Amino acid sequence: MGHSSHNACAVALAISCLIVAASAGSFYDEMDITFGGERAKISNGGQDLSLSLDQYSGSGFQSKHEYLFGRFDMQLKLVPGNSAGTVTTFYLSSQGVGHDEIDFEFLGNTTGSPYTIHTNVYSQGKGDKEQQFHLWFDPTAAFHTYTIVWNAQRIIFLIDNIPVRVFNNHEAAGVPFPKSQPMRVYASLWNADDWATQGGRVKTDWKNAPFTAYYRKFNANADKVGPNSRSTSSVNDNQAWRTQGVDAAGRNRIRWVQNKHMIYNYCNDRTRFPNGLPAECKRSRFL
């Protein structure tokens, strides 16, 4: 090997050590508080983050990095008790006109009534792909893991590693799919009592404020987008997410979730789409 080749390999090796996927780390290192000031608190040496909502403001944070495809995990413990009117979120989004977005939203409810898990996918600024679920556990009693897998073939929503929804890439049928706009991770807690709980009929009871939701164990096994807007490769992490689909066992779990716990599916809403259901609805049960 020539001297110049040896140097080139050394440089490449050094660079490869720097180009790695984001991994489980400190909220200090991974996130910026975006609004709410002291209502957003990082604690436990950067391992935990809490968001609070009062009658003056909610709070939120976003990732320092942008990503183009990956697996994104977050553990959440939601607002307990009477959470009516509140919305807690964990989602991916790009910015600007024609943005892409992949949503987990948690719609609060009166004490003893279940949270609604609201999922949606936006591509090129258009959403209208909502599915909603009730959970099979109390999301306020303990932490549970919520996951978004986003690759070029599909988007998978998982709860405690159980797939609850798949949105496949149907670009061949003319359905836009998020694949070219880098996205950041966002989370927030805010007041949406004009629509969030029972269609806006139940308002936020500010006597219960502040409302607080808890986040921990964020992990992004994903392609960061660098300053030159090219994806970096995640060389040290499991790459299964790049081609991850849903196997037979996963399809059975989705059937169970959608049969027992789904409360709204846009693909069944013929009143909303009187001229015909969206094209992707004809191609997959598991959107």
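Residues numbered from 1 in each chain as written. Predicted model: local features only at pLDDT ≥ 70, side-chain atom pairs only at ≥ 80, totals over all residues. Heavy atoms only, no water.

A few points about the overall build of the protein chain
Going by this rule: Here a strand is any run of E in DSSP of at least two residues, a helix any run of H or I of at least four, and the numbering for each starts at the N terminus. Note on classification: 1.4 Å probe, protein chains only; a residue is buried when its accessible area is under 20% of the maximum for its type, exposed when over 50%, partly exposed between these limits. Residues are treated as being in contact if the distance between any of their heavy atoms lies within 4.5 Å. To measure how exposed things are, a 1.4 Å probe is used in the Shrake-Rupley method; for residues, cover is taken only from the protein chains shown.
In terms of regular secondary structure, the protein chain is built from three helices and 15 strands. Expressed as a percentage of the 287 residues in the protein chain, the buried residues total 50%. Pairs at least 24 apart in sequence give 66% of the contacts found in the protein chain among residues at least 6 apart. Entry remark: accessible area of the protein chain is about 13400 Å², with carbon and sulfur atoms responsible for 50%.

Some details on the pattern of salt bridges
Applied cut-off: Definition used for salt bridges: Asp or Glu carboxyl oxygen within 4 Å of a side-chain nitrogen of Lys or Arg.
Taken as a whole and judged by the stated rule, the model has 10 salt bridges. Salt-bridge contacts for Lys64 lead to Asp32; the nearest nitrogen and oxygen are separated by 2.5 Å. Residue Lys64 is located in the loop between strand S4 (59–63) and strand S5 (67–77), and its partner Asp32 is located in strand S1 (residues 31–35); the two are separated by 32 residues in the primary sequence. The partly exposed category is assigned to Asp32, whose relative accessible area is 32%. One continuous salt-bridge network, built from bridges that share partners, spans Lys126, Asp128, Glu130 and Arg272.

Examining the pairing of strand S3 (residues 48–53)
The criterion, for reference: By this definition, two strands are paired if DSSP reports at least two bridges between them.
Among the six residues that make up S3, five are buried, leaving the element largely enclosed by the rest of the structure. Where strand S2 (residues 40–43) and S3 come together, four bridges link them in antiparallel fashion. What sits directly across from Ala40, in S3, is Leu51. Here S2 hands over to S3 after four residues, with Asn44 in that stretch at a positive phi of 55 degrees.

Examining the state of the cysteines
Put simply, the rule is: Any two cysteine sulfur atoms lying within 2.5 Å of each other are counted as a disulfide.
One pass over the structure, following the stated rule, counts one disulfide. Across a sulfur-sulfur distance of 1.9 Å, Cys267 and Cys281 are joined as a disulfide pair. For the disulfide bridge between Cys267 and Cys281, the dihedral angle about the S-S bond is near -80 degrees, and by the sign convention the bridge is left-handed. Separated by 14 residues along the polypeptide, Cys267 in the segment after strand S15 (262–265) and Cys281 in the segment after S15 bring together distant segments of the chain. Considered together, Cys267 and Cys281 belong to a single accessibility category, that of buried residues.

What about the packing of aromatic side chains?
Think of a pair of aromatic rings as described by two things: how far the centres are apart, and how the planes are tilted against each other in angle. Let me state the cut-off plainly: Pairing of aromatic rings covers Phe, Tyr and the six-membered ring of Trp, with a centre-to-centre limit of 6.5 Å; geometry is then stacked below 30 degrees between planes, edge-to-face above 60, and tilted otherwise. Two conditions define a charge sitting above a ring: the NZ of Lys or the CZ of Arg must be within 6 Å of the ring centre, and it must be within 35 degrees of the ring normal.
Inspection of the entire model under this criterion finds 16 aromatic pairs. Taking the centre distance of 6.3 Å and the plane angle of 5 degrees together, the rings of Phe167 and Phe177 count as stacked. In this pair, Phe167 sits in strand S12 (residues 162–168) while Phe177 sits in the loop between S12 and strand S13 (184–191), placing the two residues 10 residues apart along the sequence. The residues Phe167 and Phe177 share a single accessibility class, namely buried. Considering the side-chain rings of Trp190 and Trp195, the 6.3 Å spacing of their centres and the 50 degrees angle between planes classify their relative orientation as tilted. Judged by its relative accessible area of 29%, Trp190 is partly exposed. Of the residues examined, Trp195 reaches a relative accessible area of 32% and is grouped as partly exposed. Among the aromatic side chains, those forming a connected cluster through ring pairs are Phe90, Phe104, Phe106, Tyr146 and Phe157. In this structure, Lys77 packs its charged tip against the face of Tyr214, placed 5.6 Å from the ring centre. For the cation-ring pair, Arg253 lies above Trp256, with the distance from its terminal atom to the ring centre recorded as 5.4 Å.

Describing helix H3 (residues 248–260)
Each full turn of the α-helix corresponds to 3.6 residues, which orients residues three or four apart in the same direction. Heads up, the rule is: To estimate the expected span of a helix, subtract one from its residue number and multiply by 1.5 Å. Directions are taken from the helix axis to each C-beta atom, and the arc is the one they span.
A rise of 1.5 Å per residue sets the reference length of H3, with its 13 residues, at 18 Å; its end C-alpha atoms lie 18 Å apart and thus fit the reference within 8%. Looking at H3, one finds that the buried residues are Gly250, Ile254, Val257 and Gln258. Relative to the axis of H3, the buried residues are bounded by an arc of 90 degrees and lie together on one face. Opposite its buried face, H3 presents the exposed residues Asn259 and Lys260, each directed more than 90 degrees away.

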